[in-house]
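# Analysis of the macromolecular model
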Amino acid sequence: MPLKSEIIIQETLERLSAAAAGFFAMRARACAQQKSRFTVALSGGSTPRRMYTRLAEEPFLSETPWPKVHVWWVDERCVTPDNLWSNYGSAKKDFLDRVALPTDQIHPMPGEMVPELGARRYEEALMRHFELKPGEFPAFDLIFLGLGTDGHTASLFPGHEKRKQEKRLVVAVRGGEPNVDRLTLTLPVLNRARHVVFLVSGREKAEIVRAALGPEKISIPAQSVIPTKGRLTWILDRQAASLISAQ
Ligand code: 6PG
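These remarks concern the structure in this document. In this text the structure is predicted, and so the values were computed from the model without any measurement.

### Observations regarding the site of the ligand
- Taken together, 14 residues lie near the ligand, and Ser46, Thr47, His152, Ala154 and Lys205 sit nearest.
- Here an oxygen atom of the ligand and a side-chain polar atom of Arg182 are 3.2 Å apart.
- Lys205 places a polar side-chain atom, nitrogen or oxygen, 2.6 Å from an oxygen atom of the ligand.
- When the ligand is considered free in solution it has 420 Å² of accessible area, and contact with the protein chains removes 88% of it.

### Side note on the pairing of strand β7 (residues 180-185)
- β7 sits mainly inside the fold: 5 of its 6 residues count as buried.
- Judged from the 3 bridges that link them, strand β4 (residues 75-77) and β7 form a sheet pairing that is antiparallel. The residue bridging Arg77 from the neighbouring strand is Arg182, located in β7.
- In the sheet, strand β6 (residues 170-175) pairs with β7 via 6 bridges, with the strands oriented antiparallel. Note that in β7 the partner of Gly175 across the bridge is Val180.

### Some points on helix α4 (residues 87-94)
- In terms of burial, α4 is largely enclosed, as 6 of its 8 residues are buried.
- Along α4, the positions that sit buried rather than exposed are Asn87, Tyr88, Gly89, Ser90, Ala91 and Asp94.
- For α4, the elements touching its buried residues are α2 (49-55), β3 (69-73) and β4.

### Here we look at the sheet that holds β4
- Strand order in the open sheet made by the 3 strands is β4-β7-β6, with antiparallel pairing throughout. If you trace the sheet from one side to the other, it starts and ends with β4 and β6, each paired once. Going across the sheet, the axis of each strand differs from the next one's by a mean of 25°, ignoring polarity.
- Sitting on the sheet, helix α5 (residues 115-130) is in contact with β6 and β7, with an inclination near 145° to β6.

### A short note on the packing of aromatic side chains
- In total, this model carries 10 aromatic pairs according to the counting rule given.
- For the ring pair Tyr52 and Phe95, a centre distance of 5.7 Å and an interplane angle of 35° mean the geometry is tilted. With Tyr52 in helix α2 and Phe95 in the loop between α4 and α5, the pair connects residues that are 43 residues apart, well separated along the chain. The burial state of Tyr52 is the same as that of Phe95; both residues are buried.
- With 5.1 Å between their ring centres and 65° between their planes, Phe130 and Phe140 make a pair best called edge-to-face. With Phe130 in helix α5 and Phe140 in the loop between α5 and β5 (142-145), the pair connects residues that are 10 residues apart, well separated along the chain. A single burial state applies to Phe130 and to Phe140, both of which are buried.
- Here a set of aromatic residues connected by ring pairs shows up, and it is made of Phe24, Phe38, Tyr52, Trp66, Phe95 and Phe144.

What counts and what doesn't
- Residues numbered from 1 in each chain as written.
- Predicted model: local features only at pLDDT ≥ 70, side-chain atom pairs only at ≥ 80, totals over all residues.
- Heavy atoms only, no water.
- Near = heavy atom within 4 Å.
- Polar contact = N/O pair within 3.5 Å; in protein donor to acceptor, adjacent residues only side chain to side chain.
- Areas by Shrake-Rupley, 256 points an atom, 1.4 Å probe, with all protein chains shown as cover.
- Buried < 20%, exposed > 50% of the residue type's maximum accessible area, 1.4 Å probe, protein only.
- Helix = DSSP H or I, 4+ residues; strand = E, 2+ residues; numbered from the N terminus.
- Pairing = 2+ DSSP bridges.
- Contact = heavy atoms within 4.5 Å.
- Axes fitted to C-alpha atoms, helices over the stretch in contact; angles between N-to-C directions.
- Phe/Tyr/Trp six-rings, centres within 6.5 Å; stacked < 30°, edge-to-face > 60°.

Structure below.
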């Protein structure tokens, strides 16, 4: 575990989701005060869904300075937004349609494009938003990640070729469940974030959580998430944490 990291264990997924929504609102308020905007990247999958719906409920609905929030995605399945597999489509239903977030501050990955073109398009959007020079990487204020039972995170799967990512912000890959074309932020982007929060729930994740948080390097993508300067937080429910002892 990197030095600046912490493990928070919540009894249930419901409490994990409330804690994660609280992180979102708190970081958004802090960033809005310090630098007038908050830039966050969201993962897909099932774990964060309840957190997303909580964001459209009190107290987080009122606590979050929505006009200052910019929502990006960690990864996306290459499908149209109306497809049930769409991470953006799910987030839209879960909270984006129910909060006062200006539409030009919602930045979905272009899943409906040819994957490589979509990756390039999203890279260009990130370069503009963060005012980057070639070779620079964006520093998100907060990134939420999930964890697959194989140790993948984002859409970075075991065996993926790291070297392909070193200079890229976004790459097109194929894999996961569903096994489809995907766009994903790269490790250099994840590790540039000011704060990375893993959300992991369920007994089926206990073994990979123990492996990922253990001292042994097992070359799974989740273990390569080591923020260069930022904080790393794992928010686990009791079941996902059942094989580790809280530090
Ligand atoms: C995706 C996700 C993916 C997810 C993990 C965990 O688009 O599939 O970003 O990386 O976070 O697979 O998924 P669950 O939360 O459904 O277990």
